[in-house]
There are 10 protein chains.
Amino acid sequence: MLKGIPKIIPPDLLKILMEMGHGDDLVIGDGNFPHASCAKRLVRCDGHNVPEVLDAILRLFPLDTFVEKPAGLLEVVAGDSTKPKRWDEFRTIVKRHHTDFTDFEYIERFAFYERAKSAYAVVSTGDQALYACIILKKGVLPGE
Amino acid sequence: MLKGIPKIIPPDLLKILMEMGHGDDLVIGDGNFPHASCAKRLVRCDGHNVPEVLDAILRLFPLDTFVEKPAGLLEVVAGDSTKPKRWDEFRTIVKRHHTDFTDFEYIERFAFYERAKSAYAVVSTGDQALYACIILKKGVLPGE
Amino acid sequence: MLKGIPKIIPPDLLKILMEMGHGDDLVIGDGNFPHASCAKRLVRCDGHNVPEVLDAILRLFPLDTFVEKPAGLLEVVAGDSTKPKRWDEFRTIVKRHHTDFTDFEYIERFAFYERAKSAYAVVSTGDQALYACIILKKGVLPGE
Amino acid sequence: MLKGIPKIIPPDLLKILMEMGHGDDLVIGDGNFPHASCAKRLVRCDGHNVPEVLDAILRLFPLDTFVEKPAGLLEVVAGDSTKPKRWDEFRTIVKRHHTDFTDFEYIERFAFYERAKSAYAVVSTGDQALYACIILKKGVLPGE
Amino acid sequence: MLKGIPKIIPPDLLKILMEMGHGDDLVIGDGNFPHASCAKRLVRCDGHNVPEVLDAILRLFPLDTFVEKPAGLLEVVAGDSTKPKRWDEFRTIVKRHHTDFTDFEYIERFAFYERAKSAYAVVSTGDQALYACIILKKGVLPGE
Amino acid sequence: MLKGIPKIIPPDLLKILMEMGHGDDLVIGDGNFPHASCAKRLVRCDGHNVPEVLDAILRLFPLDTFVEKPAGLLEVVAGDSTKPKRWDEFRTIVKRHHTDFTDFEYIERFAFYERAKSAYAVVSTGDQALYACIILKKGVLPGE
Amino acid sequence: MLKGIPKIIPPDLLKILMEMGHGDDLVIGDGNFPHASCAKRLVRCDGHNVPEVLDAILRLFPLDTFVEKPAGLLEVVAGDSTKPKRWDEFRTIVKRHHTDFTDFEYIERFAFYERAKSAYAVVSTGDQALYACIILKKGVLPGE
Amino acid sequence: MLKGIPKIIPPDLLKILMEMGHGDDLVIGDGNFPHASCAKRLVRCDGHNVPEVLDAILRLFPLDTFVEKPAGLLEVVAGDSTKPKRWDEFRTIVKRHHTDFTDFEYIERFAFYERAKSAYAVVSTGDQALYACIILKKGVLPGE
Amino acid sequence: MLKGIPKIIPPDLLKILMEMGHGDDLVIGDGNFPHASCAKRLVRCDGHNVPEVLDAILRLFPLDTFVEKPAGLLEVVAGDSTKPKRWDEFRTIVKRHHTDFTDFEYIERFAFYERAKSAYAVVSTGDQALYACIILKKGVLPGE
Amino acid sequence: MLKGIPKIIPPDLLKILMEMGHGDDLVIGDGNFPHASCAKRLVRCDGHNVPEVLDAILRLFPLDTFVEKPAGLLEVVAGDSTKPKRWDEFRTIVKRHHTDFTDFEYIERFAFYERAKSAYAVVSTGDQALYACIILKKGVLPGE
């Protein structure tokens, strides 16, 4: 534990967040996401839900302003009537850290998996809510 | 050994079953299956037959409900008169855990090998029954 | 995620719990415990407190009945007036799983570190409560 | 699988049995034995009992004739009234392969653990019978 | 050394032969074969000729009966007048273990190298006879 | 780069600082310190002086309050007339982060090396000032 | 530290510079560059700006004279009004070491990333100036 | 050092020369050759020139007689007026060991790099002579 | 295979013989020797007897002239009436390469094992002759 | 190759020289020295003699001024009449770089081996001169 670092973030994840650069993607997957088969680098956050992990990450991690939609969601599969219960929460959290946030990109399930496979890292959670996966593109920190 | 975990499951396999996510495939191969040349991750269950391993796995592992046939068999090679003696057993075991199970997908031998190569893991057994290979697609565990 | 396995337990930890045998020790450390410098094998549970991890582990893990006190605590350092706030919770949880539990062993700080160094594994948590470390000795699962 | 090799023996174990030489020890542990914390090299035979593994091994593995008692058992702990139910079976199996076998060495629990730590390898099983551990010392195969 | 296992077979090779399954290829190369640049897994038998290694392997290893020609030879390069002196010996050895053996497949030099690159393993020897390379396809061991 | 994390700290060092627990030691060595021969884990900060690294670390890292002197210096070797020019700077920096800081522990050169060998990690710098080495003992972060 | 070697160069980087040959590329990235996702070999220089690293490298490293423009810059993204403040400094430094230097190659952002992925190594810095990335092609050192 | 083995050959190189088989390529590069970015396996001979290394290798290594030109040189780049000063020496050395040698194959610079990337190994030297790179194809050693 | 190198010597062994220096020990063990449990580095020569391996090694390997007895044998165990049939052969072979050889050192079985554990390498053979183990101490090759 | 770095120094050695700190030892051994059995880190300079390697190293590497004799030689073994022919050369080279050099430390053969085992690294050469081994203790580079 360190002063000022959210306790929910494992040391490996903090290292990964630091190593990432402009344009690199980070996926936070729900408990049913196929993390291990998609991830180049995998950090586990078992027993946590996505919103608390997302909020901790965005305290440290700038979103990309070079693209229109730096955050994406895994859209509902055709024919499935599920109403994703995390999406409003996600919107609130992203807005808290990026006040000019407008909307998410919505990504088809298997296209999302492909994005995850080329992402810099995947964070797994134990969130049992369905469709609670999000992908974030890292932005730049300009000089003071 | 742990309370409530089938003793036939090696620690490595339990870990793998936990790591798998929605849509990941698991192969259980008979004793003649080319496990080691197909498997990304291999767990050996030497000296056991497939049915007892399959049954133990399905006590823990949900099948995918997003596809019509989440379990597949290696179909008999053209010109071979073998009657696969494990298939009825397999049907009974899958039905016990998934009462709405209808039928298996049947997969040509070399197509099955290709599926195995992209599967998350392969479990080898010592089953000498012919055509006693099965592939399972993992489903989701929705929140309570 | 698997049916019937507590979601807070990472795959690596479940594997480790299975691999352990009679007499092997497991440490669950609080957020200030020097996990990484003590552990032969380390599993991180960042962002969780010890009681929820302890309870999940004891659903699967039998305590040793060959010794009088199969669970130990890191005792308060001489001169420190802290009242460890987790100890009553620990007692309640252990009793829930082992109704004949009597009392903990109390272990001096540096002796506890030495025990941790020879333990089979250490589980780290983010628990900020002080003196919230516990060591568990695994027992046998006799045949049915 | 190969012609004439017992199917219960994993490839890794066969390799290990071949690599061992005169005087090297092999432990076969029951399901409660602390395999992983004792073993220099560990081969798992989950879901099997010790007798079937022991019998398969002795079809290939010569016992040492340079010592009086090339096979040893983990003796009952003082104060424990368990009657080890595997010991007669073990005697029958060893005699089948070594007709001049007389008796086992009996080794105190923690001394047995120390022997296991310096043994060439440990084979783990899922045998729930208590005190079902055996240690074998390899002998020579003289020229024809 | 173990009872009944040919002494010429290294432990690693025995393990590999066991791991192979239906349809997997094994190459035994002569001393000039480019083993190390072709092999996924390489086992060296320096100082031996191919026939003695082949004979030892076929005592354990079943040939594939699903294909017409489960054994192949590296055919003489166009324009080379060499008479391969091992081929008759090879035929005799294969026939000894598979009485219904008819003929070898003959494979062009660079096509043979490609087969070797996708084979499960390559066994190198020190055989100075030219064109003394053979490829074997593993068959099934049906239940008793 | 992340929001609020000093840019001079490499990702590996941040990970290490997080992993450390109560009582673990961290060494920051000057450019002549034998880092690589002492360090269990080494992080390089070539081209920097110690004060700027020390200051960045103490923004995140709590010093131990269970010991009287949680920070130590490598004392001047007998017979050497060097006046260590960094020590006043070190004192100022430590005081800035720990207002109740009193004095350093002074450690003989080879005793310092031994401490470094059992420290959790060593940070190397390119500081050419002599006697510019410091050892820090990590403290606890109590719950809010 | 060694006599005559710039102190800002880590040992790993010096080794890499020596290993490189004619035509190999080296990237020095600013603090926002996606180093870790592009680099075959990565050396970190956290806390430094690019000019001081570039100057130290060019004291040792010859630029390629077989191509017209052996040094390239990541050009400003279409629509971005940033004036890269490091470019003049870069020009001065390169000219100091290669008096016949004429101009940089300008490379589109994603093309630059592709060049970086096939470069021999990437050096990361903490430079917060935007567009402060440079790629260098190594030349030959002819005999005296 | 061993009796009769040229002292200039490192143990790793001798091992590699032995492992190579018919048709495998070996590159010896001059000091400016991009060894590390081309080599599957790299052996360094820093501080030596190519002729002395070539001569030592050819004392042990047979050239391929199945191809017309088993030795190749990196030809002078178009527009470069360099006269490669090592080529006559190379010719003399090869002739000394293969009296029927006729001429070298001349290979364009980037084609040479591609050959080097698929070669079995690359030997680096410190030769500052330009265009002092050679590629050798291994031949067979027929039985006595 | 290389010109002038005995074909029975594997590439790894040749590399090891070259790496050894003055005073380093090499063990050649018979088929019953506990190679794998004694060896720091192990090279297998399955299927060969010790004399042919010893002879090949001594063609390359100088014995130590700084000690009286640079070659040692594992002496017969007290109470065993075996007449070691290889010893005369060993004497003849050593004499062939070192004409001033006088006699072997005789080493008690467990002392021999200890020597083997600190030897640079162990060569295993498949020799079924009993007491066919030998240890060789490497000498110097003075300049011409 | 880099500007100003002696070509005889391999990249690994340069990295090692940089990593070493005050008081770390470096051994340069002759061709008969048991390098591989003594070295924690080994760099090979096959085919070179010690003086040329020593001279290149001392161009970069400061000797320790905290001890009286920062360079040591392996003294002649009792009873050996060899006159070490390299020692005068060594003296000249050391004096060239350290004009205040007085004399070497002379170290008994097996004590020298022990020093080598705890040295930071060993450089092997192919020098056939006897007693041509030297050990160097690294000094400090004070700030300008």
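Please read these numbers as outputs of a predicted model, since none were measured by experiment.

(A) Representation of the relation of the copies chain A and chain F in the model. Rotating chain A by 180° and translating it 0.0 Å along the rotation axis places it on chain F, where the RMSD comes to 0.0 Å. When the rotation and shift are considered jointly, the pair of chain copies conforms to a two-fold rotation axis. No C-alpha of chain A lies nearer the rotation axis than that of lysine 15 of chain A, which sits 2.8 Å from it.

(B) Seen up close, the pairing of strand E3 (residues 71–74) of chain A. All names here are of chain A. What you see with E3 is no split at all: Ala71 and Leu73 on one side and Gly72 and Leu74 on the other are buried throughout. The pairing of E3 with strand E6 (residues 134–137) spans three bridges and is classified as antiparallel. Across the sheet, the residue bridging to alanine 71 is leucine 136, located in E6. Pairing of E3 with strand E4 (residues 105–107) involves three bridges; the strand directions are parallel. Bridging across to E4, leucine 74 finds its partner in isoleucine 107.

(C) Layout of the environment of threonine 102 of chain J. In this structure, threonine 102 of chain J sits in the loop between helix H4 (87–97) and strand E4 (105–107). Measuring from C-alpha to C-alpha, the distance between threonine 102 of chain J and alanine 39 of chain J comes to 28 Å, with 63 residues separating the pair along the chain.

(D) Local environment of the packing of aromatic side chains. Within this structure, the stated rule accounts for 50 aromatic pairs over all chains. Judged by centre distance (5.5 Å) and plane angle (45°), the ring pair of tryptophan 87 of chain E and tyrosine 106 of chain E falls under tilted. Of the two residues, tryptophan 87 of chain E is situated in helix H4 (residues 87–97) and tyrosine 106 of chain E in strand E4 (residues 105–107); the sequence distance between them amounts to 19 residues. Ring centres 5.5 Å apart and planes at 75° place the aromatic pair phenylalanine 110 of chain I and tyrosine 113 of chain I in the edge-to-face group.

(E) Summary view of the interface of chain I and chain D. Taken together, the contacts link 13 residues of chain I with 14 residues of chain D. Contact between chain I and chain D buries roughly 1000 Å² in total, counting both sides, with carbon and sulfur atoms accounting for 46%. It is Asn32, Arg109 and Gln128 of chain I in chain I that bury the most area against chain D; as a group they hold 47% of the surface buried on that side. Taken together, the links from chain I to chain D amount to zero salt bridges. Our count for the contact surface shared by chain I and chain D stands at five residue pairs in polar contact (both at pLDDT 80 or more). Elements represented by at least two residues in the side of chain I that touches chain D include exactly helix H2 (35–38) and helix H5 (109–118) of chain I. Here the residues of the side of chain I that touches chain D sort into seven nonpolar, three polar and three charged.

(F) Main features of the interface of chain A and chain F. Facing the 24 residues of chain A at the interface are 24 residues of chain F. Carbon and sulfur atoms make up 68% of the surface buried where chain A meets chain F, a total of about 2100 Å² over both sides. Looking only at chain A, the three residues that lose the most surface to chain F are Leu2, Lys3 and Met18 of chain A, adding up to 37% of its buried area. Taken together, the links from chain A to chain F amount to two salt bridges. Across the pair aspartate 12 of chain A and lysine 15 of chain F runs a salt bridge whose closest N-O atoms are separated by 3.7 Å. Here chain A and chain F share eight residue pairs in polar contact (both at pLDDT 80 or more) between them. Broken down by element, the residue count for the side of chain A that touches chain F peaks at seven residues, all from helix H1 (residues 11–19) of chain A.

So, how was this worked out
Residues numbered from 1 in each chain as written. Chains lettered and ligands numbered in written order. Predicted model: local features only at pLDDT ≥ 70, side-chain atom pairs only at ≥ 80, totals over all residues. Heavy atoms only, no water. Least-squares fit on C-alpha atoms with pLDDT ≥ 70 in both. Buried < 20%, exposed > 50% of the residue type's maximum accessible area, 1.4 Å probe, protein only. Helix = DSSP H or I, 4+ residues; strand = E, 2+ residues; numbered from the N terminus. Pairing = 2+ DSSP bridges. Phe/Tyr/Trp six-rings, centres within 6.5 Å; stacked < 30°, edge-to-face > 60°. Contact = heavy atoms within 4.5 Å. Buried area = accessible area lost by both parts, 1.4 Å probe. Salt bridge = Lys/Arg side-chain N within 4 Å of Asp/Glu carboxyl O. Polar contact = N/O pair within 3.5 Å; in protein donor to acceptor, adjacent residues only side chain to side chain. Nonpolar A, V, L, I, M, F, W, Y, C, P; charged D, E, K, R; others polar.

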